[in-house]
Amino acid sequence: MAHLCRELLLRASRVQPLYGRQRLCFPTRTVGSRTPRLAGLLTERPAQRRWTPLSVSTTERIEPDAGGSADEEPVVHILWINAGLSCDGDSIALTAATQPSIEEIVLGGLPGLPKVAVHWPLIDFESGPHQGADNFIEWFFKADRGELEPFVLVVEGSIPNEALKEEGYWCGFGNNPATGQPMTTSEWLDRLAPKATAILAAGTCATYGGIHAMAGNPTGAMGVADYLGWEWRSKAGLPIVNVPGCPVQPDNLSETILYLLYQVAGAAPTIPLDEMLRPTWLFGMTVHEGCDRAGYYEQGDFAVEYGSPKCLVKLGCWGPVVKCNVPKRGWINGVGGCPNVGGICIACTMPGFPDKFMPFMDEPPGSTVSTAASTAYGTLIRKLRGVTARTVDKEPEWRTPGREIKTGYRPTW
């Protein structure tokens, strides 16, 4: 995280913002030494000396400080739609992020971060329907009318195929004021995607379809990139950014949101993505390459039951072929993560999940050959290392008391 921030600041002077500002702005508001946790909590902004909800959602709450000039930095809006087919697990996961935390993003607690207004159903102070007193969904209609600029659209949940049926709908987000009828999630994508500065798909359901898109499903569910097209680009020229996981690793999501905000503010280069639109620095290595059990695999020493510290491949772990950084990053504040706590990797970050990795508890087919070879040469390696270990586990014989030098030293006088 520290390395990412340093790299972004070093490149800031060479990168132009996507919404027209020509310089890197550091936030003028300050954050206390301890940030309150999420919805319903209040924080004081010293320059204004008034209390505002932590979940920033209206222009009144993010107005410039008294005496501000016309050069005040613009607000970047984050519109979060969790109305795809999902369990909201990715929203819940983000509340556990620490590198950075959602509070640091919302309150501008990081250097160079633009002012941010987060419209996120999980924590938003406004939660009412279109006809309600506190009209949360109006922000999405404003974006549709072109009244929010710039904004980053975050999509959580897979996108069902509404064309498969003659009536009804699979999932929706609010009602159309003109007709009073539900607006489907795919209709919101059709409306907002052309106007968004960037689109981020959060979790495996939104990125590749996930559980809802497995064989036999009646909804025709798919990921955002499947729906909009893998070559889709935003009006700023940015591809869809996929951050998979079931649920997503908290810091992976918050760090990617942070990168996109810096990029929109002109303080970061184009986000580096692989062929499946994943951030390369997060998904460039396999679980096996970062797993502290990998040494057992090399030596052909495999667990045969849960609770063992040895390699879990024979119990159904897909780590050698899965792109995920959880073994290195942990889950919450560096602690936890599937193989770190004794669980197998079921490949929940992969585009082929879940169909290509089921049944989860069976040994992966491809591992039969590799583990057989590893067992053969690993047995020999363990014996040779055992001989070496017994040798280096003893002190040299010359470390004894007495007047005789036994080290091989020869005095020259």
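From a predicted model like this one, the values you see are computed outputs, not experimental measurements.

Conventions used here
Residues numbered from 1 in each chain as written. Predicted model: local features only at pLDDT ≥ 70, side-chain atom pairs only at ≥ 80, totals over all residues. Heavy atoms only, no water. Buried < 20%, exposed > 50% of the residue type's maximum accessible area, 1.4 Å probe, protein only. Helix = DSSP H or I, 4+ residues; strand = E, 2+ residues; numbered from the N terminus. Arc of directions from axis to C-beta. Contact = heavy atoms within 4.5 Å. Pairing = 2+ DSSP bridges. Axes fitted to C-alpha atoms, helices over the stretch in contact; angles between N-to-C directions. Core = buried A, V, L, I, M, F, W, Y, C linked by side-chain atoms within 4.5 Å. Polar contact = N/O pair within 3.5 Å; in protein donor to acceptor, adjacent residues only side chain to side chain. Patch = residues over 30% accessible without salt bridge, like charges linked within 9 Å, V, L, I, M, F, W, Y side chains within 5 Å. Areas by Shrake-Rupley, 256 points an atom, 1.4 Å probe, with all protein chains shown as cover. Salt bridge = Lys/Arg side-chain N within 4 Å of Asp/Glu carboxyl O. Expected span 1.5 Å × (residues − 1). Phe/Tyr/Trp six-rings, centres within 6.5 Å; stacked < 30°, edge-to-face > 60°. Lys NZ or Arg CZ within 6 Å of the ring centre and 35° of its normal. pLDDT = per-residue confidence, 0-100.

1. A word on helix 5 (residues 185-192)
Then, number 1: Buried within helix 5 we find T185, S186, W188, L189 and L192. Considered in projection along helix 5, the buried side chains sweep an arc of 155° and stay on one side of the axis.
Then, number 2: Contacts from the buried residues of helix 5 go to strand 3 (75-81), helix 4 (138-144), strand 5 (151-156), strand 6 (172-175), strand 7 (182-184) and helix 7 (224-228).

2. Examining the sheet that holds strand 9 (residues 241-243)
Then, number 1: Reading across from one edge, 4-3-5-8-9 is the order of the 5 strands in this open sheet, with parallel pairing throughout. Looking along the sheet, the strands with just one partner apiece sit at the ends: strand 4 (115-119) and strand 9. Here the average twist between neighbouring strands, direction ignored, is 20°.
Then, number 2: Across 5 bridges, strand 5 lies against strand 8 (residues 198-202) in parallel orientation. Of the residues in strand 8, the one forming a bridge with E156 is A202.
Then, number 3: Against the sheet, helix 5 engages strand 3 and strand 5, with an angle of about 160° to strand 5.

3. Details of the nonpolar core
Note that soluble globular proteins tend to have their nonpolar side chains buried in a common cluster.
Then, number 1: Counting 37 residues, the largest nonpolar core has L94, L200, L253, I257 and L261 as its most contacted members.
Then, number 2: Here this core gets 8 residues from one element, more than from any other, and that element is helix 8 (residues 250-264).
Then, number 3: Excluding residues that lie within four positions of it along the chain, L261 makes contacts with V76, I78, I105, L113, P114 and V116.
Then, number 4: In terms of nonpolar packing, the next biggest core, distinct from the first, is built from 30 residues, F141, L192, A201 and W232 among them.

4. Brief notes about the side chain of T349
Then, number 1: Summarising the element assignment, T349 is placed in the loop between helix 12 (326-329) and helix 13 (367-392).
Then, number 2: With a relative accessible area of 4%, T349 lands in the buried category.
Then, number 3: A polar contact is formed between the side chain of T349 and the backbone oxygen of K323, at a distance of 2.8 Å.
Then, number 4: Apart from the residues within four sequence positions on either side, T349 is in contact with T204, Y208, P244, G245, R278, F283, V322, K323 and C324.

5. Quick notes on a nonpolar patch on the surface
Then, number 1: The grouping of I405, Y409 and W413 at the surface amounts to a nonpolar patch, some 430 Å² of accessible area in total.
Then, number 2: Its location among the elements puts W413 in the segment after helix 13.

6. Re helix 8
Then, number 1: End to end, helix 8 covers 21 Å across 15 residues, agreeing with the expected 21 Å (1.5 Å per residue, within 8%).
Then, number 2: In terms of burial, helix 8 is largely enclosed, as 15 of its 15 residues are buried.
Then, number 3: Structurally, the start of helix 8 carries an N-cap: the backbone nitrogen of D251 is 2.8 Å from a side-chain oxygen of Q249.
Then, number 4: Positioned one or two residues after helix 8, G266 has a phi angle of 85°, which is positive.

7. Here we look at the pattern of salt bridges
Then, number 1: In the structure shown here, the tally under the stated rule is 14 salt bridges.
Then, number 2: For the salt bridge of R329 with E255, the shortest nitrogen-to-oxygen distance reads 2.5 Å. In this pair, R329 sits in helix 12 while E255 sits in helix 8, placing the two residues 74 residues apart along the sequence.
Then, number 3: Taking relative accessible area as the criterion, R329 reaches 17% and is therefore assigned buried.
Then, number 4: Since its relative accessible area comes to 4%, E255 is described here as buried.
Then, number 5: Residues participating in the shared-partner salt-bridge network are D144, E187, R191 and K195.

8. Points about the packing of aromatic side chains
Then, number 1: Enumeration according to the criterion identifies 11 aromatic pairs in this entry.
Then, number 2: These aromatic residues form a ring-pair network of at least three members: F136, F140, F141, F173 and W188.
Then, number 3: Directly above the ring of W139 sits K142, whose terminal nitrogen or CZ lies 4.2 Å from the centroid.
Then, number 4: The residue whose ring lies beneath K314 is F302, and the NZ or CZ to ring-centre distance is 5.6 Å.

9. Looking at unusual backbone geometry
Then, number 1: Note that the residue after E149, namely P150, is joined by a cis bond; omega there is 0°.
Then, number 2: One can find P150 in the loop between helix 4 and strand 5.
Then, number 3: Residue D88 is not a glycine yet carries a positive backbone phi of 65°.
Then, number 4: With respect to the helices and strands, D88 occurs in the loop between strand 3 and helix 2 (89-94).

10. Regarding the confidence of the model for the chain
Then, number 1: For the chain, the average pLDDT comes to 83, and 80% of its residues sit at 70 or higher.
Then, number 2: Contacts of residues 12-16 to residues separated by more than four positions or lying in other chains number 8 contacts, the stretch itself having pLDDT below 50.
Then, number 3: For the stretch residues 19-69, pLDDT sits under 50, and the model shows 118 contacts to residues farther than four places along the chain or on other chains.

11. Some points on the side chain of H77
Then, number 1: In this fold, H77 is placed in strand 3.
Then, number 2: Polar contacts involving the side chain of H77 include one to the side chain of H119, which spans 2.9 Å.
Then, number 3: In this structure H77 touches A117, H119, W139, L148, P150, F151 and V152, once residues within four positions along its chain are discounted.

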